[in-house]
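# A structural walkthrough
The lines below spell out each chain.
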Amino acid sequence: MSDKMQELWGIPESQGLDALFIVSRANQRYLEGFTGADCFMLASREGNYLIADSRYTEMAESECRSASVVPHRAPNPPLQDVVARLAREGGLRKIGFERDKLIWGLYDDIAKALEGAGAELVPASSLVERVRARKTADEAGLIEAACGIADKALDGVLPVIKAGISELDLKTELDYRIRTGGAEDGAFDTMVLFGARPSQPHANSRRDVRLKAGDFILIDYGACHDGYRSDTTRTFVFGKASDEQKLAYKTVLKSQEASLEKVFPGSNGRDINDLALGIIRGAGLPAFEYGIGHGVGLEIHEEPFMRQNTDVILEAGMVVTIEPGTYQPGWGGIRIEDTVLVTPDGHKVFTHFPKELMEL
Ligand code: ZN
Ligand code: ZN
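Residues numbered from 1 in each chain as written. Chains lettered and ligands numbered in written order. Predicted model: local features only at pLDDT ≥ 70, side-chain atom pairs only at ≥ 80, totals over all residues. Heavy atoms only, no water.

Here 3 strands make up an open sheet; going across it, the order is β8-β9-β12 and the pairing antiparallel. In the strand order of this sheet, the two ends are held by β8 (191-194) and β12 (232-237), each with one partner. Each strand axis lies, on average, 10° off the axis of its neighbour in the sheet, ignoring direction. Relative to β12, strand β9 (residues 216-221) is paired through 6 bridges, and the arrangement is antiparallel. Opposite isoleucine 219, over in β12, you have arginine 234 as the bridge partner. (Pairing = 2+ DSSP bridges. Helix = DSSP H or I, 4+ residues; strand = E, 2+ residues; numbered from the N terminus. Axes fitted to C-alpha atoms, helices over the stretch in contact; angles between N-to-C directions.)

Given below as structure tokens:
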């Protein structure tokens, strides 16, 4: 059994389970190296099965580290019959499912088929995700490489930033540099927002919004390298920044740097969040309401989630973001975000694009 599988079956909450039914692509990729979509995995203590339709069987055969590939769909039996047969043959009685990922229709079909096999589906939360939270050195290396590609791409796109360019055109230019710089894809849908629009922490870039003097430029983006992602946000001002913009920027930067100092093993995400909020509120600015940061890896948002009223203890090997901000409708928004590795004696920042306020 691989180290990852051993760790998975060692989690106390997985003790009562004979198997885990996995729909998450990231979890399938993590456990077996499979990069396809629309497939299903039954992970048991005796071995793993990758249940694939004919579009993916060849890919699954070549990519899976240890799983047996089992076909489903015409002319083969439907998914629920395959799962029920595997449960019957393997003596699997309690099969955990990803309660926040399995859609109701599939759950219902499989639960009914399992009844006939003397087995049942039981909800399980974030088991593979908890193993994924601590990265191996290889995984951290891929994330660091993704961060390097992202840094270079943003640097390369600065000369393109001119009055009149649209959010969507700048986003397209940045995406192009992310891919030509060595990434297979962006880490998520790149966000380029001008003027007052960064007051929306997440929004879609638009073709009809064009850059003008005094605008904020908020860019939240990342690269995906061999499946692993980076996450960076930088905020600029186009032309001369006002005193108000400068002061708010200084406060967010102070909040971000103070939070980074608290990234080390044993640190509580809740405390880091409160510290960051305190600095922003203390300066009389509206505080961000989402959490101070999240894990990054095969997915852009993954465990651990650092937010208000949630205890989460950082461990060496975790890769997280630190991303405080301030947002005010009609005025704009500022966010500064880095991707950081928790090391045994502190942390290592993977994103190196400068953070001092740049007036472009
Ligand atoms: Zn981000
Ligand atoms: Zn983020």
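Moving on, there is more to tell.
So, about the pairing of strand β17 (residues 332-335). Here β17 shows no split at all, with Gly332 and Ile334 on one side and Gly333 and Arg335 on the other all buried. Here strand β16 (residues 325-328) pairs with β17 via 4 bridges, running antiparallel. Following the sheet pairing, threonine 326 is matched in β17 by isoleucine 334. Counting the residues in the hairpin turn of β16 and β17 gives 3 residues, including glycine 330, whose phi is positive at 90°. (Buried < 20%, exposed > 50% of the residue type's maximum accessible area, 1.4 Å probe, protein only.)

On to the sheet that holds strand β11 (residues 228-229), then. Read from one edge to the other, the open sheet built from 3 strands follows the order β7-β10-β11, with strand pairing classed as antiparallel. In the strand order of this sheet, the two ends are held by β7 (185-186) and β11, each with one partner. Pairing of β7 with strand β10 (residues 223-225), which is carried by 2 bridges, proceeds in the antiparallel orientation. Counted as the bridge partner of glycine 186 is alanine 223 from β10. Across the sheet, helix α7 (residues 137-157) touches β10 and β11, and the angle it forms with β10 is around 140°. (Contact = heavy atoms within 4.5 Å.)

The subject of this paragraph is the nonpolar core. If you look at the biggest cluster of nonpolar residues, it comprises 35 residues, and the most contacted ones within it are Leu8, Leu20, Leu31 and Leu50. Contributing elements (two or more residues each) for this core: α1 (3-10), β1 (19-22), α2 (25-32), β2 (40-44), β3 (48-52), β6 (120-124), α6 (127-133) and α7. Two domains each donate at least three residues to this core, and these are domain 1 (2-132) and domain 2 (137-349). Counting 30 residues, the second-largest nonpolar core is a separate cluster that includes Leu260, Val263, Leu285 and Val312. (Core = buried A, V, L, I, M, F, W, Y, C linked by side-chain atoms within 4.5 Å. Domains from an automatic or database assignment.)

Let us now look at the packing of helix α9 (residues 243-261) against helix α10 (residues 269-282). Two elements in contact, α9 and α10, have axes separated by 9 Å at closest approach and are oriented at 160°. The pairing of α9 with α10 is recorded here as roughly antiparallel in orientation. Pair α9 / α10 crosses with right-handed handedness. Facing α9, whose interface residues are Thr251, Lys254, Ser255, Ala258 and Ser259, α10 presents Ile272, Leu275, Ala276, Ile279 and Ile280. Considering only residue class, the contact of α9 with α10 consists of 6 nonpolar, 3 polar and 1 charged. (Parallel < 35°, antiparallel > 145°, perpendicular 65-115°, else oblique. Left-handed = near helix turned anticlockwise from the far one by under 90°. Nonpolar A, V, L, I, M, F, W, Y, C, P; charged D, E, K, R; others polar.)

On to unusual backbone geometry, then. The residue after glutamate 303, namely proline 304, is reached through a cis peptide bond having omega 0°. When you line up the elements, proline 304 lands in strand β14 (residues 302-306). With phi around 60°, aspartate 38 is a residue other than glycine that occupies positive phi space. Looking at the element boundaries, aspartate 38 is found in the loop between α2 and β2.

Coordinates in, geometry out; function isn't part of it.
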